[in-house]
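Working through the structure, step by step
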Amino acid sequence: LALEKEALLTFPNAADLTDFVTNAVAAGLVVTGPFEGAQTVRVSFESLGQLRDALAAHRGKAPTVSANFRVSVPDLSTPPPAGGTGTAPFEASLLPSIGIDAGSDRRSWGEGITVAVVDSGISPHPAFREGQVTHLDLTSERGAFHAHGTAIASLIAGGYPGAEGIAPGAKLLDLRIAGQTGLSDSFLLAEGIRKATERGAEVI
């Protein structure tokens, strides 16, 4: 679903972007971005007419206009139907399910690799060793973390006895784009991917 009263505008060059942003802010639009290396801004408006007027007043080349889509982490709160398929905890079945001997020594697996987790944030947890996780919060929320990001990170590189991740030797780059409700948007998702590549993540 697209977020109401928001749009993403992509400009052909930095000069046109700067010109639009200056006039749009003066006209009362709320502009977020661009993030580094991008020519796209997120624009919030009170009415579609307000956005149309700002675009009509723009003297440069017209931007590409697209929706800012809602993205979210999966909702795992609903138990699977009886006798059917659906969500269920991995418990000790993760590694055998992908052909890995759960008793093998994998402490060095992933060494020298940085995996970016673009999600709802990685909370402090005994599954992660000191210095394993680097945090970057792209949200404006300072509340409690949604648990999804921590769960995914532990499946990737956790070292918790009995629930080890696939590559516990890997470093984790935590890019939080979703708040406590698990909701985010495509602009923040793109920013998270961009920052992951800029910071040298080999896997996202």
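Residues numbered from 1 in each chain as written. Predicted model: local features only at pLDDT ≥ 70, side-chain atom pairs only at ≥ 80, totals over all residues. Heavy atoms only, no water.

**Structural notes on the overall build of the protein**
Here is the rule: Going along the chain from the N terminus, every DSSP run of H or I of four or more residues is numbered as a helix, and every run of E of two or more is numbered as a strand. To get the radius of gyration, use the C-alpha atoms; to get the globule rule, take the number of residues to the power 0.38 and multiply by 2.2 Å. Any two residues whose heavy atoms approach within 4.5 Å are treated as being in contact. Only the protein chains shown count as cover for residues, and the accessible areas themselves come from Shrake-Rupley with a 1.4 Å probe. Positive charges come from Lys and Arg, negative ones from Asp and Glu, while His and the chain ends are left out of the count. The atom standing in for a charge is NZ when the residue is Lys, CZ when it is Arg, CG when it is Asp and CD when it is Glu.
Broken down by element type, the protein carries five helices and ten strands. Over its C-alpha trace the protein gives a radius of gyration of 21 Å, far above what one expects of a compact globule, namely 17 Å for 204 residues. Expressed as lengths along the three principal axes of its C-alpha atoms, the size of the protein is roughly 65 × 45 × 30 Å. Within the protein, residue pairs in contact and separated by at least 24 positions form 76% of the contacts whose partners lie at least 6 positions apart. Accessible surface for the protein amounts to roughly 11,400 Å². Of this, 57% is attributable to carbon and sulfur atoms. The positive charge centre, built from 15 side chains, and the negative charge centre, built from 22, are 5 Å apart in the protein.

**Quick notes on the packing of aromatic side chains**
Worth spelling out the cut-off: By convention, a stacked pair of Phe, Tyr or Trp rings (six-membered ring in the case of Trp) has centres within 6.5 Å and planes under 30 degrees apart, an edge-to-face pair has planes over 60 apart, and any other such pair is tilted. Only protein chains enter the accessibility calculation, which uses a 1.4 Å probe. A residue is then buried if its area is under 20% of the maximum for its type, exposed if over 50%, and partly exposed in between. Throughout this description, the term charge over a ring refers to an Arg CZ or Lys NZ atom that lies within 6 Å of the ring centre and within 35 degrees of the ring normal.
All chains considered together, the criterion is met by two aromatic pairs. Each ring, one from Phe 11 and one from Phe 20, has its centre 5.3 Å from the other, and the planes form 40°; the classification is tilted. As far as burial versus exposure is concerned, Phe 11 and Phe 20 are alike and both buried. The cationic tip of Arg 106 hangs over the ring face of Trp 109; the distance from NZ or CZ to the ring centre is 5.9 Å.

**Points about the pattern of salt bridges**
Rules: Whenever a carboxyl oxygen of Asp or Glu lies within 4 Å of a side-chain nitrogen of Lys or Arg, that contact is scored as a salt bridge.
A full pass over the atoms with the stated rule returns seven salt bridges. With a shortest N-O distance of 2.8 Å, Asp 185 and Arg 42 are connected by a salt bridge. Within this pair, whereas Asp 185 is found in strand β10 (residues 183–185), its partner Arg 42 is found in strand β3 (residues 40–44), the two being separated by 143 residues in sequence. Judged by relative accessible area, Arg 42 falls into the buried class, the value being 14%. Members of the salt-bridge network, linked through shared partners, are Asp 137, Glu 141, Arg 142 and Arg 176.

**Overview of the sheet that holds strand β9 (residues 171–176)**
Note the cut-off: DSSP calls a pair of strands paired once it identifies at least 2 bridges connecting them. Here, axes are lines fitted to C-alpha atoms. For helices the fit covers the stretch in contact, and angles between N-to-C directions go from 0 to 180 degrees.
Overall, parallel pairing links the three strands, which are arranged β5-β9-β6 in an open sheet. Here the strands that pair on one side only, and so sit at the sheet edges, are β5 (114–119) and β6 (133–137). On average, adjacent strands in this sheet sit at an angle of 15° to one another, irrespective of strand direction. Sheet topology places β6 next to β9; five bridges connect them, and they run parallel. Looking at the pairing, Asp 137 lines up with Arg 176 of β9. Contacting β5, β6 and β9, helix α5 (residues 186–198) crosses the sheet at an angle of about 150° to β9.

**So, a nonpolar patch on the surface**
This is how the line gets drawn: A patch consists of residues whose relative accessible area exceeds 30% and which take part in no salt bridge; residues with like charges are grouped when within 9 Å of each other, and nonpolar side chains (Val, Leu, Ile, Met, Phe, Trp, Tyr) when within 5 Å.
Side chains of Ile 98, Trp 109 and Ile 166 sit close together on the surface and give an oily, nonpolar patch of about 260 Å² of accessible area. Assessed through its relative accessible area of 31%, Ile 166 is described here as partly exposed.

**Looking at the nonpolar core**
Soluble globular proteins tend to pack their nonpolar side chains together in the buried interior. The test is simple: As used in this record, nonpolar core signifies buried Ala, Val, Leu, Ile, Met, Phe, Trp, Tyr and Cys residues forming a set joined through side-chain atoms within 4.5 Å.
Core analysis: the biggest nonpolar cluster contains 13 residues, and Leu 9, Phe 20, Leu 29, Val 41 and Val 43 have the highest contact counts within it. Elements that contribute at least two residues to this core include exactly β1 (2–10), α1 (14–26), β3 and α2 (48–57). In contact with Phe 20, other than residues within four places in its own chain, are Leu 9, Phe 11, Leu 29, Val 43, Ala 54, Leu 55 and His 58. Core analysis: the next-biggest nonpolar cluster, separate from the first, contains eleven residues, Val 117, Ile 122, Phe 128 and Ala 167 among them.

**Some words on the sheet that holds β10**
One open sheet accounts for five strands, arranged β2-β3-β1-β4-β10; its pairing is antiparallel. Each having just a single partner strand, β2 (30–32) and β10 make up the two edges of the open sheet. For this sheet, the mean inter-axis angle between neighbouring strands, taken without regard to orientation, is 30°. Direction of pairing for β1 relative to β3: antiparallel, over a ladder of five bridges. Residue Leu 9 lies in a different strand from β3, and its bridge partner there is Val 41.

**Concerning the confidence of the model for the protein**
Selection criterion: pLDDT is a residue-level measure of predictor confidence that goes from 0 to 100.
Per-residue pLDDT for the protein has a mean of 89; in total, 91% of the residues score no lower than 70. When mean pLDDT is compared element by element in the protein, β5 scores highest at 98, while strand β8 (residues 163–164) scores lowest at 72.

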